[in-house]
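Examination of the molecular architecture
Chain by chain, the residues run as shown.
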Amino acid sequence: MRLSPPPQTALFTLAGCKSTGEDITHQQPTTATLAIISQGTLTTGTLIGAVDVTVNLPSGVTVQTTPDSVNPSILVMNTGVVLASGVTATINTYLTGAYTAATATEPGKVIVKLLNANGVGTGEFVTVNCDVATGVFPTAVDFNLTDFKAWDTNGAEIIPRLTAGFTADIR
């Protein structure tokens, strides 16, 4: 029988980490909130104008969706699932997210695309709110980020200088 780890907040970079496999008894978590972060050094005068990143969800973790009214096989994320936060919280930011449910061979995914013509610095830029199924006890290391790309306000890709990370608050 697998027992649950404690609620936690942890910072992970795109490279990720491995779980220790430690089993500790705790209450069933119902939510996981991920704060996605851009990390690194921007050259003087450079700001981030756009970011793409994919959040891969562990088994049993989903986001709230509603079937599309035109094509019910497409799941539309509910309001409040993906939110501008941190450096983009008070700035006019265009943010969109797309959800793909898990299959037998692929994890569930939230694809985030953010645009900001004014530009922002590094730091937390988006929050993804997830639901945890009964009987599932995810830890922060069960989540991971892929396909991170960032561009400056002129459209030039600025990736080798930046990476993506996240904090996970699982309750």
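Every value quoted in this text rests on a predicted model; they were computed, and no experiment measured them.

We now examine the overall build of the chain. Counting its regular elements, the chain contains zero helices and 12 strands. From first element to last, N terminus to C terminus, the chain shows the α and β order β-β-β-β-β-β-β-β-β-β-β-β. Going through the 171 residues of the chain one by one, you find that 38% of them count as buried. Entry remark: accessible area of the chain is about 9100 Å², with carbon and sulfur atoms responsible for 54%.

Once that is clear, we can look at the nonpolar core. General note: in soluble globular proteins, nonpolar side chains tend to be found buried as a group. Counting residues in hydrophobic clusters, the biggest one holds 36 residues, and the most contacted among them are I36, L57, V63, V110 and V128. The set of elements that each furnish at least two residues to this core consists of β2 (31-40), β3 (48-57), β9 (108-120), β10 (123-132), β11 (144-152) and β12 (162-170). Not counting the four nearest positions on each side in its chain, I36 is found in contact with V53, V55, G123, E124, F125, V126, V128, L145, G165 and F166.

Let's shift gears to the side chain of S38. For S38, the position within the fold is in strand β2. Leaving out residues up to four positions away in the same chain, S38 has contacts with I48, G121, T122, G123, F125, F148 and T163.

Counting buried positions along β2 gives seven out of 10 residues, so the element sits mostly inside the fold. Where β2 lies against β10, eight bridges are found, and the strand directions are antiparallel. The partner of A32 across the bridge, within β10, is C130. Relative to β12, β2 runs antiparallel, the two being bridged by nine bridges. When the sheet's bridge partners are listed, I37 is paired in β12 with G165.

On to unusual backbone geometry, then. Peptide bonds are trans in most cases, and residues, glycine excluded, mostly fall at negative phi. Of note in the backbone geometry, D147 takes a positive phi value of approximately 55 degrees without being a glycine. By the secondary structure assignment, D147 is in strand β11.

Next up on the list: the pattern of salt bridges. In the structure shown here, the tally under the stated rule is three salt bridges. Between K109 and E106 there is a salt bridge, with the nearest N and O atoms lying 3.7 Å from each other. Across the pair R171 and D169 runs a salt bridge whose closest N-O atoms are separated by 2.9 Å. Residue D169 is classed as partly exposed on the basis of its relative accessible area, which comes to 22%.

Summarising the model, the chain shows a mean pLDDT of 87, and 85% of its residues fall at 70 or more. Note on residues 1-10: pLDDT is under 50 here. Beyond four places in sequence and across chains, it has 31 contacts. Across residues 12-20, confidence stays below pLDDT 50; counting only partners more than four residues off in sequence or on other chains, it has 16 contacts.

Pairing in this open sheet of four strands is antiparallel, and the strands run β8-β9-β3-β11 from one edge to the other. The two strands at the open ends of the sheet, each matched to only one other strand, are β8 (94-100) and β11. Recorded for the sheet is a direction-independent mean angle of 10 degrees between the axes of neighbouring strands. With nine bridges joining them, β3 and β9 adopt antiparallel strand pairing. If you follow N56 over to β9, its bridge partner there is K109.

Let us now look at the environment of D169. Within the secondary structure, D169 sits in strand β12. With 134 residues separating them in the primary sequence, D169 and A35 have C-alpha atoms 8.4 Å apart. Polar contacts involving the side chain of D169 include one to the side chain of R171, which spans 2.9 Å.

Scoring rules and cut-offs
- Residues numbered from 1 in each chain as written.
- Predicted model: local features only at pLDDT ≥ 70, side-chain atom pairs only at ≥ 80, totals over all residues.
- Heavy atoms only, no water.
- Helix = DSSP H or I, 4+ residues; strand = E, 2+ residues; numbered from the N terminus.
- Buried < 20%, exposed > 50% of the residue type's maximum accessible area, 1.4 Å probe, protein only.
- Areas by Shrake-Rupley, 256 points an atom, 1.4 Å probe, with all protein chains shown as cover.
- Core = buried A, V, L, I, M, F, W, Y, C linked by side-chain atoms within 4.5 Å.
- Contact = heavy atoms within 4.5 Å.
- Pairing = 2+ DSSP bridges.
- Salt bridge = Lys/Arg side-chain N within 4 Å of Asp/Glu carboxyl O.
- pLDDT = per-residue confidence, 0-100.
- Axes fitted to C-alpha atoms, helices over the stretch in contact; angles between N-to-C directions.
- Polar contact = N/O pair within 3.5 Å; in protein donor to acceptor, adjacent residues only side chain to side chain.

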